[in-house]
Amino acid sequence: MAMNRVQFQSGLSMAEFIREFGTEAKCYRALYRMRWPQGFRCPCCGARPRSRFRRQGRVYYQCRACRHQTTLTSGTMLAASKLPLTTWFLAMHLLTATKTNLSALELMRHLGVSYPTAWTLKQKIMQVMAEQEAGRQLNGFVQIDDAYLGGERNGGKRGRGSENKQAFLIAVETNAELEHPRFAVIEPVNGFDNASLEDWVARRLADGAEGFTDGLG
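This section reports on the structure supplied with the text. Quick caveat: nothing in here was measured; it's all calculated off a predicted structure.

1. So, unusual backbone geometry
Positive phi, close to 50 degrees, is recorded for Q56, a residue that is not glycine. Inspection of the secondary structure assignment puts Q56 in the loop between β1 (50–55) and β2 (58–63).

2. Quick notes on the pairing of β2
Among the six residues that make up β2, five are buried, leaving the element largely enclosed by the rest of the structure. Adjacent in sequence and paired antiparallel, β1 and β2 are bridged by two residues, among which Q56 carries a positive phi angle near 50 degrees. With two bridges joining them, β2 and strand β3 (residues 69–70) adopt antiparallel strand pairing. Residue Q62 lies in a different strand from β3, and its bridge partner there is Q69. Remark: five residues form the turn of the hairpin made by β2 and β3, two consecutive strands paired antiparallel; R67 in that turn has positive phi of roughly 70 degrees.

3. Here we look at the packing of helix α1 (residues 14–21) against helix α2 (residues 24–35)
Closest axis-to-axis distance for the α1/α2 pair is 7 Å, and the angle between their directions is 85 degrees. The pairing of α1 with α2 is recorded here as roughly perpendicular in orientation. Here R19, E20 and F21 of α1 lie close against α2, whose contacting residues are K26, C27 and A30. Residue classes in the contact of α1 with α2 are distributed as three nonpolar, no polar and three charged.

Reading the values: rules and limits
- Residues numbered from 1 in each chain as written.
- Predicted model: local features only at pLDDT ≥ 70, side-chain atom pairs only at ≥ 80, totals over all residues.
- Heavy atoms only, no water.
- Helix = DSSP H or I, 4+ residues; strand = E, 2+ residues; numbered from the N terminus.
- Buried < 20%, exposed > 50% of the residue type's maximum accessible area, 1.4 Å probe, protein only.
- Pairing = 2+ DSSP bridges.
- Axes fitted to C-alpha atoms, helices over the stretch in contact; angles between N-to-C directions.
- Parallel < 35°, antiparallel > 145°, perpendicular 65-115°, else oblique.
- Contact = heavy atoms within 4.5 Å.
- Nonpolar A, V, L, I, M, F, W, Y, C, P; charged D, E, K, R; others polar.

In structure tokens, the structure reads:
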């Protein structure tokens, strides 16, 4: 059997994750570099000079130009959170590294937090991911295929025509060598009749996809 390139693509292992983000200090430095890659910038006036102080255990940065005070997590989904950065980073790693959906219950067990906390973490992370991807367009060479998702009702019709299954179309943008997927869009459709498919393809092309390889049928 040929190797599935998607399943065997390289990623950040748990051991590598722990080495890079296993302490609060490492997570803080990583977040600082992500937020201010060129050094501190005041979110209010854009100035660089700042002073640094602690208040109630939290590090604050005060702009020397406009006196605006901010923290590393201000304006992010981590703002006002009392959870350690290590917990946030591990939650993000687990939710993005898994090939299947990770339930809030399983996330709770991995993180050692309560179920409401795990549920809130997952919802915030998933919302930010959705907002980040909302404006992305598929480009270059895009392959599409169809699928059904859902179970079988007792006594109902089996297979692709089951009334308990939802029809989906999947579009995958690949790299120049057409081997590695880069981005994917999964959307429900009314069915796989010509009218539904033509409408879906037209909307995808309008979003910026330049070419399709059709795997339907």
